[in-house]
Amino acid sequence: EANRLLTKRRSATLCVPFEKRPLCLHWKHLPQPLAEALFRDLVKGLPDYSVMSAGLGAFSGQPASKHSVALAKERGLDLTKHRSQAVTVGVVDKATHIFALSRSHLAALLDDYPEAEDKIYLLSEFTSDDQMRGKDVNDPFGGDLDDYREMQEHLDKLLPSIHAFIEQTWKP
């Protein structure tokens, strides 16, 4: 579930909302709040980033999964107040970058929002790791804590590369 927002900031979807740099993360189910929290933590010292998540087919107002909450807590991050939101035209219009965690979600975003093609990417597209580049981040929805931990390990490897991409390419 991913969303992003605009203004002078950079954004990414994972999904980023409001303000300077909106950033959005997209996932169909509820693991994406962890990706949002991890990226938000990665850019926390940078005032011109705004990060959010939203999803295609997401039901707005749903809490983060218990496993996402637990893993975030291990990192000192709090997802207990997180609520899901659906991707909307407004979210897409305002985001500077939108990152899908799987190729199927990338295709769905491009089908639904072809006018935003220049700002929608696959999360693994920018990694220097040949084994991970172009691959989906597996959705652990319905899985156990170990499945979510594996997803978190992949995100830990991929999120710095999208941060570097945004830093290198974003123009206010």
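For the structure itself, look to the data block above.
These figures come from a predicted structure and were not determined experimentally. (Residues numbered from 1 in each chain as written. Predicted model: local features only at pLDDT ≥ 70, side-chain atom pairs only at ≥ 80, totals over all residues. Heavy atoms only, no water.)

Colleague: Break down the packing of aromatic side chains for me, citing the residues and quoting the values.
Modeller: One pass over the structure, following the stated rule, counts six aromatic pairs. Ring geometry for Tyr121 versus Phe126: centroids 5.4 Å apart, planes at 65°, classification edge-to-face. The exposure class of Tyr121 is buried, given its relative accessible area of 15%. For Phe126, a relative accessible area of 23% gives the class partly exposed. Centroid distance Tyr121 to Phe165: 5.0 Å. Interplanar angle 70°. Geometry classified as edge-to-face. Taken as a pair, Tyr121 in strand E5 (residues 120–122) and Phe165 in helix H5 (residues 145–169) lie far apart in primary sequence, 44 residues in all. Each member of the pair Tyr121 and Phe165 is classed as buried. Here the aromatic cluster, defined as three or more aromatic residues joined through ring pairs, consists of Phe99, Tyr121, Phe126 and Phe165. (Phe/Tyr/Trp six-rings, centres within 6.5 Å; stacked < 30°, edge-to-face > 60°. Buried < 20%, exposed > 50% of the residue type's maximum accessible area, 1.4 Å probe, protein only. Helix = DSSP H or I, 4+ residues; strand = E, 2+ residues; numbered from the N terminus.)

Colleague: How would you sum up the side chain of Ser53? Please name residues and give values.
Modeller: Tracing the chain through its elements places Ser53 in the loop between strand E3 (49–51) and helix H2 (66–74). Polar side-chain contacts of Ser53 include one of 2.5 Å to the side chain of Glu36. (Polar contact = N/O pair within 3.5 Å; in protein donor to acceptor, adjacent residues only side chain to side chain.)

Colleague: Which residues make up a negative patch on the surface, and what are the values?
Modeller: Negative charge collects at one region of the surface, where Asp144, Asp146, Asp147, Glu150 and Glu153 lie side by side. For Asp146, a relative accessible area of 55% translates into the label exposed. (Patch = residues over 30% accessible without salt bridge, like charges linked within 9 Å, V, L, I, M, F, W, Y side chains within 5 Å. Areas by Shrake-Rupley, 256 points an atom, 1.4 Å probe, with all protein chains shown as cover. Salt bridge = Lys/Arg side-chain N within 4 Å of Asp/Glu carboxyl O. Lys, Arg positive; Asp, Glu negative; His and termini not counted. Charge placed at Lys NZ, Arg CZ, Asp CG, Glu CD.)

Colleague: Give me the packing of helix H1 (residues 32–42) against H5: which residues, what numbers.
Modeller: Taken N-terminus to C-terminus, the directions of H1 and H5 make an angle of 50°; their axes are 10 Å apart at the nearest point. In terms of their interaxial angle, H1 and H5 are classed as oblique. Judged by the twist between their axes, the crossing of H1 over H5 is right-handed. Of the residues in H5, those in contact with Leu34, Ala35, Leu38, Phe39 and Leu42 of H1 are Met151, Gln152, Leu155, Asp156, Leu159, Pro160, Ile162, His163 and Ile166. Grouping the amino acids of the contact of H1 with H5 by side-chain chemistry returns 11 nonpolar, two polar and one charged. (Axes fitted to C-alpha atoms, helices over the stretch in contact; angles between N-to-C directions. Parallel < 35°, antiparallel > 145°, perpendicular 65-115°, else oblique. Left-handed = near helix turned anticlockwise from the far one by under 90°. Contact = heavy atoms within 4.5 Å. Nonpolar A, V, L, I, M, F, W, Y, C, P; charged D, E, K, R; others polar.)

Colleague: Quick rundown of H1? Include the residues and the values.
Modeller: With respect to burial, H1 is a largely interior element, eight of its 11 residues being buried. Among the residues making up H1, those that are buried are Gln32, Pro33, Leu34, Ala35, Glu36, Ala37, Leu38 and Phe39.

Colleague: So what's going on with the pairing of strand E4 (residues 97–100)? Which residues, and what values?
Modeller: Residue alternation in E4 divides its side chains into two sets, His97 and Phe99 and Ile98 and Ala100, and both sets are buried. Alignment of E4 against E5, held across three bridges, turns out to be parallel. By the bridge assignment, Phe99 is partnered in E5 with Tyr121. (Pairing = 2+ DSSP bridges.)

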